[in-house]
Amino acid sequence: MSREIMQNKIKQAEKEISKKKDDVQAGRMRQHYHFMPQTGWLNDPNGLIYYKGKYHFFYQYNPYYGFWDYMHWGHAMSEDLLHWEYLPLALAPSEVYDDYMRGGCFSGSAIEHEGKLWLMYTGVANHGNGNVQTQCIAYSEDGVHFTKYEGNPVIMPPDDVPAHLFRDPKVWKHEDTYYMVCGASRNERAQALLYKSADLLHWDYVNVLAESRGEWGYMWECPDFYPLGDKYVLTCSPMGADDRKAVYFVGDFDYATGRFDWKISGEMDWGMDFYAPQSFETPDGRRLIAAWANEWECMPFWKDWGPTYREGWCGFFNLVREVKMMPDHTLQFVPVEELKNLRTDGYAEDRLEIGSAGQELKAGDGISFEMQFKIDLEKTHADRIELDLRCGDGKKTSCIFDLKSGTLSVDRSNADGWSNGASRSILFLKGKKELDVHIYSDQSSVEIFTDRYQNNHANNIYAGNSQNKIQIRAVGGSAVLKDYRSYGMKECFR
Ligand code: FRU
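Values in this document were obtained by computation on a predicted structure and should not be read as measured data. (Residues numbered from 1 in each chain as written. Predicted model: local features only at pLDDT ≥ 70, side-chain atom pairs only at ≥ 80, totals over all residues. Heavy atoms only, no water.)

### A look at the overall build of the protein chain
- Helix and strand content of the protein chain: one helix and 33 strands.
- Taken over the C-alpha trace, the protein chain has a radius of gyration of 22 Å; the compact-globule value for 494 residues is 23 Å, and the two agree within 12%.
- Projecting the C-alpha coordinates of the protein chain onto the three principal axes gives extents of approximately 70 × 50 × 40 Å.
- Looking at the protein chain as a whole, 62% of its 494 residues qualify as buried.
- Long-range contacts, defined here as pairs at least 24 residues apart, represent 60% of the contacts in the protein chain between residues at least 6 apart. (Helix = DSSP H or I, 4+ residues; strand = E, 2+ residues; numbered from the N terminus. Rg over C-alpha atoms; globule rule 2.2 N^0.38 Å. Buried < 20%, exposed > 50% of the residue type's maximum accessible area, 1.4 Å probe, protein only. Contact = heavy atoms within 4.5 Å.)

### Remarks on the environment of Phe 449
- With respect to the secondary-structure elements, Phe 449 resides in strand S30 (residues 445–450).
- Sequence separation between Phe 449 and His 174 is 275 residues, and the spatial gap between their C-alpha atoms is 33 Å.
- When near neighbours in sequence (up to four residues on either side) are disregarded, Phe 449 contacts Arg 321, Phe 333, Pro 335, Asp 436, Val 437, His 438, Tyr 440, Asn 455 and Asn 456.

### Things to note about the sheet that holds strand S8 (residues 147–148)
- Taken in spatial order, the four strands line up as S5-S6-S7-S8 in an open sheet, and their pairing is antiparallel. Only two strands of the sheet have a single partner each, and these edge strands are strand S5 (104–113) and S8.
- As paired elements, strand S6 (residues 116–126) and strand S7 (residues 131–140) share ten bridges and run antiparallel to each other. Counterpart to Val 124 in the pairing with S7 is Gln 133. (Pairing = 2+ DSSP bridges.)

### Remarks on the nonpolar core
- Among the nonpolar cores identified, the biggest contains 73 residues, and Phe 35, Phe 57, Leu 91, Leu 119 and Phe 146 are the most heavily contacted of them.
- Residues contacting Phe 35, with those up to four places away along its chain left out, are Leu 42, Phe 57, Tyr 59, Ala 76, Trp 84, Phe 316, Phe 317 and Phe 493.
- If you look at the next biggest cluster of nonpolar residues, it comprises 33 residues, including Ile 354, Ile 375, Ile 439 and Ala 479. (Core = buried A, V, L, I, M, F, W, Y, C linked by side-chain atoms within 4.5 Å.)

### Description of the sheet that holds strand S29 (residues 434–442)
- Taken together, the six strands give an open sheet; going across it, the order is S22-S33-S24-S29-S30-S31, and neighbouring strands pair in antiparallel fashion. In this open sheet, the two strands that pair with only one neighbour each are strand S22 (343–354) and strand S31 (455–460). Direction aside, the axes of adjacent strands within the sheet are offset by 10 degrees on average.
- In terms of strand pairing, S29 meets S30 through six bridges, oriented antiparallel. Across the sheet, residue Asp 442 finds its bridge partner in S30, namely Ser 445. (Axes fitted to C-alpha atoms, helices over the stretch in contact; angles between N-to-C directions.)

### Points about the UniProt feature "coiled-coil region" (unreviewed entry) in the protein chain
- Residues given the UniProt feature "coiled-coil region" (unreviewed entry) here are residues 3–30.
- Its end C-alpha atoms 34 Å apart, residues 3–30 is made of 82% helix and 0% strand. (UniProt positions renumbered as here; feature names shortened; annotations may be inferred.)

### Digging into the state of the cysteines
- In the structure shown here, the tally under the stated rule is zero disulfides.
- Cysteine Cys 314 is unpaired, with the sulfur of Cys 298 as its nearest cysteine sulfur at 16 Å.
- The buried category is assigned to Cys 314, whose relative accessible area is 2%. (Disulfide = S-S within 2.5 Å.)

### So, the pairing of strand S4 (residues 85–91)
- Of the strand pairs in this sheet, strand S3 (residues 72–78) and S4 are connected by four bridges, and their pairing is antiparallel. Note that in S4 the partner of Met 77 across the bridge is Glu 85.

Here it is in structure tokens:
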């Protein structure tokens, strides 16, 4: 019966998608190669997994319109991480613990167990006393049609954790045991709680894996935890930590105590649009992440979710990135190798001398492109290099490499007549001979990677197609660029 209710909800949603998808597909602002939904609203990546020879992406999804509401789980499958086949929705609100308009099936993760695909998600209900978040299970024989476990919820909020601040389970297996980390708040401080289970259905609380001591906000959304090299990595999106939106911690972990002892922390992306990253492993052992290219209204950079709701959609993922570790245990977030398969129209210059008059750079059609170069710091005497992307109609998005004051800023306040704000990070150049820059531009976003993929900015912009020029200029002296390479990008989502 309960299975039937969910299947009917899914059918209803699918009907709505079929009705609208051609119109939405024609939207001018849709991305060319960033993962996005067919219609409606998308936020967090959920349940990312390589299962039975294919990649599966699930996502927080409202199929009905381009705003957050009534969370379902969308589902898509791919062989190459670039081209995606949309599958029927995996989860829809249907039960007393998850059927609520301003709630539903919140974020979670996926794992393979006894050949089946299992999902663990947060059910969000409200029976008049505020939102209640509980951890729930669903499973599937075919990886497409899911059944919610009849013993749900499998974990209730601990007594001293507010019931509306207990969510986003991420599951993994170690030896014969399943473990799960979940975001929570206790005494107004963020915590990542650790649980364990032998069968994914019966869970025991282990410990507080890690917590804010006041410096990392009051709630951690979408915590993730995984081994990398000989260390462990915890990532999360803290609430109440101002500019910090997607942070990582690197340290050591002891299964005997369930304690994570981290010494290193960093920001995964300083841009305004990178939130709730989730990781998964590839068959060849790479640790990849996908994130939602936006943020919530409670965050300091937030303006709105962009104008795309007018086209019946909102939301896409940032490019999938590989997590790599430097010898000092800080992390790099490198766009996946697979993206090279989208390259077309290659262009190369081994050396470019840039003066104050500036010059135009060539990269694809100037809208959807990849660009890579190095700033030769030994031959560059400029105070500042200004790289303007998506220029035209008197508008531009400015990346300012301020070599004198040691900052990188990406300013979108004159980007499109809609967006505003600038993202900023420290550009630490002492002792360096060159600065690597790698940029991906798509219809409605730019992603800038510098300094060995440790200093990244993902920002959404909604520039029109007449904004297709790229300009670069040096201020206060000349600059030398080496190994300039650029490409157009093949379509995946249009
Ligand atoms: C993060 C988040 C999660 C929650 C989901 C709801 O972006 O707020 O904590 O599960 O989105 O859609």
